Every structure is written in C-alpha cells, then in structure tokens.
Amino acid sequence: GAGVSQSPSNKVTEKGKDVELRCDPISGHTALYWYRQRLGQGLEFLIYFQGNSAPDKSGLPSDRFSAERTGESVSTLTIQRTQQEDSAVYLCASSPMAGVPTDTQYFGPGTRLTVL
Amino acid sequence: AQSVTQLGSHVSVSEGALVLLRCNYSSSVPPYLFWYVQYPNQGLQLLLKYTSAATLVKGINGFEAEFKKSETSFHLTKPSAHMSDAAEYFCAVMITGANNLFFGTGTRLTVIP
C-alpha cells in the first residue's frame, strides 16, 4: 500500500516568511510524528499526535512552530517568521499506535527547507 | 534521560568486508533499540529492532545487531558489505512510556569496490 507522503519535497523561502509543510500518513495509522534533521545531526523529535488526544508538543523549539492534524488524517507543520536556523529536512512518520515499541514508525521522504 | 551515541560519523569498508557500526545508549530504564537506514534521497527505513525478546536481532538485507546490556551497546553488523549498503545509518532508542524515538547523529557508510 501507499507509504507516508510529504509535500513539498523542497521548499526555499526568505527569512521572515511563513511556510507550511504537509504530511499524509499511512491510512489507518493513529500516531503521527514530526522530526527535524539538521545537517550533520540526528533527528530531533518535534511533535506527535495520537488519534484525538492532545498532541505532545514538547519537542517544538519555539512558539514559531505549530502543527495541526484533523482526526487521523493529514497533518500540517507551520513555521512562522522563518529563520536561517530553521533550514533542515523535516520528516514525518506514522505508526499504528504511539508508544508501542513493536509498532514500527514509517517515515516519509521528508521536506527539505532552505531559508535564505 | 536517554541518549544514543554513534561512534564514527563516517565508516568506509571494502566490498565483501565486515560491516560494524557502533551504537551505545544511555537509559535509566530498559530501552527499546532500533536501527534505521536512509538511502540517498529516500526516507528512513527500519532495518531491525530490539524489543526485549531475543538479544540477537536479525533484520533486512543481512544485517543483525546484538543487545548487550552490560556494555549498553547495540552494534550493527553485516558479514559481507555490498555496494548497495552505502547509506546513512541511524541508531535510535525508545523508552517504555515514551512516544518518540531518540536518534543518534548517524553514521555514513561508504563501500569501496
């Protein structure tokens, strides 16, 4: 079946502009995660959604970052007033249920964000 | 707190040689451990995972890893490297009750023909 998809694959923006990144999880997966991968670094957890529960926003680096998810479908990650340090690959993952280690997290191909 | 350390940001091996990618973890509770691979221009793909069953875990593409609690390690091995193994490899940990993975900084594997 279809995997996790993300759009756009690449985004170049100017400092101070807002950007929206989209993630389509695997159908039926209740858990959705956003991670950030900066050059030369490992993945940093940003936020996760589990069904209709309140999201865990503990990884968001600042209040310029926000994310939404409607039910168990698409999620959007919004970065307001982008800064150069926001340049990174933003990865989305989904799994059947959050917090179950035997459930694999399936990753999308990522969105490469470049802030000029 | 939990953390993952991957020794060696770059590893080069000859085709047919042993692959050994090192991962050490720090966790105050028994962890779950994962290896992911990222091929160029692709998303991360799960290679294998340890979830407290057998300590020697076999994954896809001939890779395996052994959980050694006494050494807090979860090193990834493959007996014979193939050109198609060239990629970046990430070790990750999840602890009971958490919902997200904590990743190491990755090791880029180059296979020399």
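Only a predicted model underlies this, so the values are computations on that prediction, with no experimental measurement involved.

**Topic: the interface of chain A and chain B**
And step 1. Every contact between the two is made by 20 residues of chain A and, on the other side, 19 residues of chain B.
And step 2. Summed over both partners, the interface of chain A with chain B buries about 1500 Å², with 58% contributed by carbon and sulfur atoms.
And step 3. Run the count over chain A and chain B and you get 0 salt bridges.
And step 4. For the pair chain A and chain B, the interface holds 4 residue pairs in polar contact (both at pLDDT 80 or more).
And step 5. For the side of chain A that touches chain B, the residue count by class is 10 nonpolar, 9 polar and 1 charged.

**Topic: the nonpolar core**
For soluble globular proteins, the rule of thumb is that nonpolar side chains tend to be buried together.
And step 1. Of all hydrophobic cores here, the largest spans 27 residues; its most connected members are B:Trp35, B:Leu48, B:Phe74, B:Leu76 and B:Tyr89.
And step 2. For B:Phe74, the residues in contact, after removing those within four places along its chain, are B:Cys23, B:Leu33, B:Phe34, B:Trp35, B:Leu48, B:Tyr50, B:Val57, B:Ala65, B:Glu66 and B:Phe67.

**Concerning the pairing of strand β7 (residues 75-79) of chain A**
Residue and element names in this part refer to chain A.
And step 1. Counting buried positions over the 5 residues of β7 gives 4, a clear majority of the element.
And step 2. Two elements, strand β6 (residues 65-69) and β7, share 5 bridges in a ladder whose sense is antiparallel. The partner of Arg-69 across the bridge, within β7, is Ser-75.

**Here's the deal with the sheet that holds β6(A)**
Residue and element names in this part refer to chain A.
And step 1. Spatial strand order, β1-β3-β7-β6: 4 strands in an open sheet with antiparallel pairing. Every other strand in the sheet has two partners, leaving β1 (5-7) and β6 as the edge strands with one partner each. Between one strand and the next, the sheet's axes are offset by a mean angle of 15°, whatever the strand orientation.

**What to know about the environment of A:Arg81**
Residue and element names in this part refer to chain A.
And step 1. With respect to the secondary-structure elements, Arg-81 resides in the loop between β7 and β8 (88-95).
And step 2. Separated by 63 residues in sequence, Arg-81 and Asp-18 have C-alpha atoms that sit 5.3 Å apart.
And step 3. Leave out the neighbours within four places in its chain, and Arg-81 touches Gly-16, Lys-17, Asp-18, Asp-63 and Arg-64.

**Let's talk about the layout of surface pockets**
And step 1. Size it by volume and the largest pocket reaches roughly 710 Å³.
And step 2. Forming the walls of the largest pocket are 29 residues, and the residues nearest its centre are A:Gln37, A:Val89, A:Arg112, B:Gln38 and B:Arg108.
And step 3. Sorting the residues of the lining of the largest pocket by element identifies β8 and β10 (111-115) of chain A together with β10 (87-95) of chain B as the ones contributing at least two each.
And step 4. The biggest single contributor to the lining of the largest pocket is β10(A), with 4 residues.

**Concerning the environment of B:Val37**
Residues and elements named next belong to chain B.
And step 1. By secondary structure assignment, the location of Val-37 is in strand β5 (residues 31-38).
And step 2. Given a relative accessible area of 0%, Val-37 falls into the buried group.
And step 3. Considering only alpha carbons, one finds Val-37 and Asp-85, 48 residues apart in sequence, at a separation of 9.1 Å.
And step 4. Apart from the residues lying within four places of it in its own chain, the contact partners of Val-37 are Gly-43, Leu-44, Gln-45, Leu-47, Ala-87, Glu-88 and Tyr-89.

Rules and cut-offs
- Position labels on residues start from 1 in each chain and follow its written sequence.
- Chain letters and ligand numbers both follow the written order, the letters beginning at A and the numbers at 1.
- Residues qualify for local features only when their pLDDT is at least 70, as the model is predicted, and side-chain atom pairs are given and counted only at 80 or more; totals for whole chains, interfaces and linings, by contrast, use all residues.
- The basis for the side-chain values is all heavy atoms of the structure; hydrogens and waters are excluded.
- Throughout, a contact is declared for two residues whenever any of their heavy atoms are within 4.5 Å.
- Reported buried area values correspond to the accessible surface (1.4 Å probe) lost by two parts on association, with both partners' losses combined.
- The working definition used for a salt bridge is a side-chain nitrogen of Lys or Arg within 4 Å of a carboxyl oxygen of Asp or Glu.
- For this analysis, a polar contact is any N or O atom pair within 3.5 Å, provided that within protein one partner can donate a hydrogen and the other can accept it, and provided that sequence-adjacent residues contribute only side-chain to side-chain pairs.
- Each residue gets one of three labels, nonpolar for Ala, Val, Leu, Ile, Met, Phe, Trp, Tyr, Cys and Pro, charged for Asp, Glu, Lys and Arg, and polar for the others, Gly among them.
- What we call a nonpolar core is a set of buried Ala, Val, Leu, Ile, Met, Phe, Trp, Tyr and Cys residues that are connected through their side-chain atoms within 4.5 Å.
- Relative accessible area decides the class of each residue, using a 1.4 Å probe on protein chains only: under 20% of the type maximum gives buried, over 50% gives exposed, and in between gives partly exposed.
- Secondary structure elements are defined from DSSP: runs of H or I of at least 4 residues count as helices, runs of E of at least 2 residues count as strands, and each element is numbered from the N terminus.
- Pairs of strands are assigned from DSSP output, requiring at least two bridges between the strands.
- In this analysis, axes come from line fits to C-alpha atoms, helices being fitted only over the stretch in contact, and the angle between any two N-to-C directions falls in the range 0 to 180 degrees.
- Think of a 1 Å grid over the protein atoms and nothing else: a 1.4 Å probe that fits but is trapped marks a cavity, an open set flanked by protein within 12 Å on at least five of seven lines marks a pocket, and residues with an atom within 4 Å of a point count as lining.
- Grid points are joined across faces, edges and corners, and a volume is the space filled by probe spheres set on the points.

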